[in-house]
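These are the residues of each chain, in order.
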Amino acid sequence: MQEYVVNTFPNYGFIQSEFADGDLAPIKKEILELEDAQQELRSSGRRMIQRSYNLSKSKHHAEKILLPYVSAYLNTFGYESEINYLTNGAPLVLDDLMVNFLDRHESEPPHKRDGIFSFVIWIDIGLKVSPSFIKPSETKAPSFSLYYTDVLGNLKEYGIPVNEEWMNNFILFPSGLYQGVRSCFMSETYRTSITGTFKFQV
């Protein structure tokens, strides 16, 4: 057999990284304040999650620590050419910042959001049992998934098995990418995550 060259079609992905505790301190402080005043909480209106609330005090800080990763995504994937044809160089800004508390029964079906980039930061996974008591098959089950079509038009799922090692980790991806959350019956407490969307400033 002669030598051959493997060629693949270019596509987009997602960025994953981890924040230090200090980076998330202002956000976690606001979350604690919300929990202390939970009798006064009002839902942000997201129908799929019962306990989802807007964060306003730490929004500017969240934008500051996330914008470098937005720039990294644009540079890594060459995504700027896809989004800047009608923007006239408008900057990307954080449009919304929400904290979500999911119990073990709650899930979100595949959905996408408005905007240019979306992100998820995992604050508390809700697993209060020792990993030694969890079956390997359970820890590998994806609790967060991204959905996309391949070059043949087939729907594919990229599952992320979020466990206690994902605390303070986050992913950033195009908002047009479908995302979904499965129930996690191993959770002893609420699964706490931060989500938000970057849009062009108008």
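Above this text is the structure in question.
Residues numbered from 1 in each chain as written. Predicted model: local features only at pLDDT ≥ 70, side-chain atom pairs only at ≥ 80, totals over all residues. Heavy atoms only, no water.

Chemist: Would you mind going over the sheet that holds strand E7 (residues 155-160) with me for this structure?
Modeler: Sheets are built from strands paired through backbone hydrogen bonds, the pairs being either parallel or antiparallel. Across the sheet, four strands lie side by side as E4-E9-E6-E7; this open sheet has antiparallel pairing. Of all strands in the sheet, those with a lone pairing partner are strand E4 (108-111) and E7, marking the two edges. Averaged over all neighbouring strand pairs, the angle between strand axes comes to 20°, with direction disregarded. Where E4 meets strand E9 (residues 178-181), two bridges bridge the pair, whose relative direction is antiparallel. Looking at the pairing, Glu108 lines up with Val181 of E9. (Pairing = 2+ DSSP bridges. Helix = DSSP H or I, 4+ residues; strand = E, 2+ residues; numbered from the N terminus. Axes fitted to C-alpha atoms, helices over the stretch in contact; angles between N-to-C directions.)

Chemist: Would you take a moment to explain the packing of aromatic side chains for this structure?
Modeler: Two numbers describe a pair of aromatic rings. These are the distance of the centres and the angle of the planes. Applying the stated criterion across every chain, the model contains 13 aromatic pairs. On the basis of an interplanar angle of 35° and a centroid distance of 4.4 Å, the ring pair of Tyr73 and Phe77 is categorised as tilted. Residue Tyr73 and its partner Phe77 are located together in helix H2 (residues 59-77), separated by four residues, close to a single helical turn. Judged by its relative accessible area of 0%, Tyr73 falls in the buried class. (Phe/Tyr/Trp six-rings, centres within 6.5 Å; stacked < 30°, edge-to-face > 60°. Buried < 20%, exposed > 50% of the residue type's maximum accessible area, 1.4 Å probe, protein only.)

Chemist: I keep staring at the nonpolar core and nothing clicks. Help me out?
Modeler: Core analysis: the biggest nonpolar cluster contains 32 residues, and Phe117, Phe119 and Ile194 have the highest contact counts within it. Elements represented by at least two residues in this core include exactly helix H1 (21-36), H2, strand E3 (92-102), strand E5 (117-124), strand E8 (169-174) and strand E10 (191-200). At six residues, H2 tops the list of elements feeding residues into this core. Sequence-distant contacts of Ile194, defined by excluding residues within four places in its chain, comprise Ile27, Ile31, Leu55, Leu97, Met98, Val99, Asn100, Phe119, Val120, Ile121 and Ile123. Listed in part, the 13 residues of the second largest apolar core include Ile125, Phe144, Ile160 and Trp166. (Core = buried A, V, L, I, M, F, W, Y, C linked by side-chain atoms within 4.5 Å. Contact = heavy atoms within 4.5 Å.)

Chemist: Looking at this structure, how should I read the pairing of E5?
Modeler: Remember that side chains alternate between the two faces of the sheet whenever the strand is regular. Counting buried positions over the eight residues of E5 gives seven, a clear majority of the element. Relative to E8, E5 runs antiparallel, the two sharing five bridges. By the bridge assignment for E8, Phe117 is matched with Pro174. Bridge count between E5 and E10: seven bridges; the pairing is antiparallel. Across the sheet, the residue bridging to Ile121 is Ile194, located in E10.

Chemist: I tried to follow the environment of Leu172 on my own but got confused; where do I start?
Modeler: Looking at the secondary structure, you find Leu172 in strand E8. For Leu172, a relative accessible area of 0% corresponds to the buried category. Leu172 sits 23 residues away from Thr195 along the chain, and the two C-alpha atoms are 9.9 Å apart. When neighbours within four sequence positions are excluded, Leu172 is seen to be in contact with Phe14, Ile15, Tyr69, Val70, Tyr73, Phe117, Ser118 and Phe119.

Honestly, that's just the spatial picture; any functional story needs more than this.
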